[in-house]
Amino acid sequence: MKNEYIGIDAGGTLSKIVYTINGKCHYKKMSTADIASLNTWMKQSFKQPDIHITGGKAGAFLHESEFINARRINEFEATCEGVKWLLENNSLLKDTGPNFMVTNVGTGTSIHYIKGNSYERIGGSGMGGGTLLGLSYLLTGEDDYDTILKLGNNGNGRLLNLTVSDIYSHEKPPISGDLTASNFGNLMQMKQEKLSKEDYISSVVRMIGETITTMSVQAAERLNTDSIVYIGSTFARHDVLKNIISGYTELRGKKAYFIEHGEYSGAIGAILNTGLQKTVQ
Ligand code: ADP
Ligand code: MG
């Protein structure tokens, strides 16, 4: 009898792996750029695993590995299935209700709507974790993820922006003056003051957080739900980004959920693969 099950979500940046040995669940992440190491680790760790794989780099992994019997699973379906499973197991489904948004902030961002046992991809954006790494590198020359994370947690992400009050300088603004009118729009400030790497990266973090929230909230309004579940490795250790997103989501009248192991949703869903139904409108 088989007792080794592996779910892999080979994403553009990171491969998320969930595996069960004798019923116990383990989580692991590796760089997708190093597919050879993933292959070696799997050969060393398992005898005859049952593998389900999803993600944009699933094809690349299968091309390079000898685990050719791995079963391919639809990425969006796996992601939504994994989110539902995590919510159920953390007793959160009663809070979100059966209909909710899922915003997956990976290298880029993908937005989904789950309605009971159906799911639908609503849209997405190129603004994501990859943008955080790329723009941070361009602005500061830093390319190490932990350094970018640390710098981004210690700056002022509002300095480079124009607020609504900055624009409505001589009268009462029609909407809250504290809202961002333009991310990176404060050229005057940039020319006058030497800004730190911390401030640059914090501004990138804030721009990404605000943009992703705006998109998610608008989608939630259109679909009549108040719950938005945010997942993806971009949040894994990024409390500042989480705080920006949950604060702004709440300001817009919706509720933000971050779940433990949320970034493994695709890999979990790949293992489970009971097949959510795709909604056709
Ligand atoms: P994908 O499925 O596209 O690979 P993920 O959900 O794994 O996306 O998220 C990738 C993002 O997570 C990166 O763009 C980066 O912002 C962030 N990240 C978190 N941990 C790391 C890490 N160790 N190395 C690189 N990026 C990381
Ligand atoms: Mg992904």
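Now for a description of the structure that goes with this document. Source: prediction; values computed, not measured.

Quick word on the site of ligand 1
As a matter of local geometry, ligand 1 sits amid 14 residues, with Thr13, Leu14, Lys16, Thr107 and Ser233 nearest to it. Leucine 14 has a polar backbone atom sitting 2.9 Å from an oxygen atom of ligand 1. Here glycine 130 contributes a backbone N or O atom positioned 3.2 Å from an oxygen atom of ligand 1. The protein chains hide 83% of the 580 Å² of surface that ligand 1 would expose on its own. A per-element tally of the shell around ligand 1 places helix H5 (residues 129-140) first, with 3 residues. Classifying every residue of the shell around ligand 1 by side-chain character gives 3 nonpolar, 10 polar and 1 charged.

Let's talk about the packing of aromatic side chains
Scanning the model with the defined rule gives 7 aromatic pairs in all. Aromatic side chains tyrosine 19 and phenylalanine 46 sit 5.4 Å apart centroid to centroid with 85° between the ring planes, which places their arrangement in the edge-to-face category. Note that tyrosine 19 is positioned in strand E2 (residues 14-21) and phenylalanine 46 in the loop between helix H1 (35-45) and strand E4 (50-54), a separation of 27 residues in sequence. Exposure remark for phenylalanine 46: the relative accessible area of 6% places this residue in the buried category.

Looking at the pairing of strand E12 (residues 255-258)
Where strand E11 (residues 227-231) meets E12, 4 bridges bridge the pair, whose relative direction is parallel. Counted as the bridge partner of isoleucine 228 is alanine 256 from E12.

Topic: unusual backbone geometry
Residues other than glycine seldom take positive phi values, yet serine 91 does so here, at roughly 50°. Within the element layout of this structure, serine 91 appears in the loop between helix H3 (75-89) and helix H4 (93-96). One non-glycine residue, asparagine 224, lies in positive phi territory at about 65°. Looking at where asparagine 224 falls in the secondary structure, it is placed in the loop between helix H9 (197-222) and E11. What makes asparagine 224 exposed here is its relative accessible area of 74%.

Some words on the sheet that holds strand E3 (residues 24-31)
Spatially, the 5 strands line up as an open sheet ordered E3-E2-E1-E4-E5, and their pairing is mixed. Each end of this open sheet is capped by a strand with a single partner; those strands are E3 and strand E5 (71-72). Relative to E5, E4 runs parallel, the two sharing 2 bridges. From the neighbouring strand, histidine 52 faces E5, where its bridge partner is arginine 71. Packing of H1 onto the sheet brings it into contact with strand E1 (4-10), E2, E3 and E4, and relative to E3 it is tilted by some 150°.

Let's talk about H5
The end-to-end C-alpha distance of H5 is 16 Å, a good match for the 16 Å that 12 residues give at a rise of 1.5 Å each. Looking only at H5, the buried set comprises Gly129, Thr131, Leu132, Ser136 and Thr140. Across the axial projection of H5, the buried residues extend over an arc of 150°, all falling on one side. In the core, the buried residues of H5 are packed alongside strand E6 (99-105), helix H6 (145-152) and H9. Positive backbone phi, approximately 80°, marks glycine 141, located one or two places after H5.

Definitions and limits used
Residues numbered from 1 in each chain as written. Chains lettered and ligands numbered in written order. Predicted model: local features only at pLDDT ≥ 70, side-chain atom pairs only at ≥ 80, totals over all residues. Heavy atoms only, no water. Near = heavy atom within 4 Å. Polar contact = N/O pair within 3.5 Å; in protein donor to acceptor, adjacent residues only side chain to side chain. Areas by Shrake-Rupley, 256 points an atom, 1.4 Å probe, with all protein chains shown as cover. Helix = DSSP H or I, 4+ residues; strand = E, 2+ residues; numbered from the N terminus. Nonpolar A, V, L, I, M, F, W, Y, C, P; charged D, E, K, R; others polar. Phe/Tyr/Trp six-rings, centres within 6.5 Å; stacked < 30°, edge-to-face > 60°. Buried < 20%, exposed > 50% of the residue type's maximum accessible area, 1.4 Å probe, protein only. Pairing = 2+ DSSP bridges. Contact = heavy atoms within 4.5 Å. Axes fitted to C-alpha atoms, helices over the stretch in contact; angles between N-to-C directions. Expected span 1.5 Å × (residues − 1). Arc of directions from axis to C-beta.

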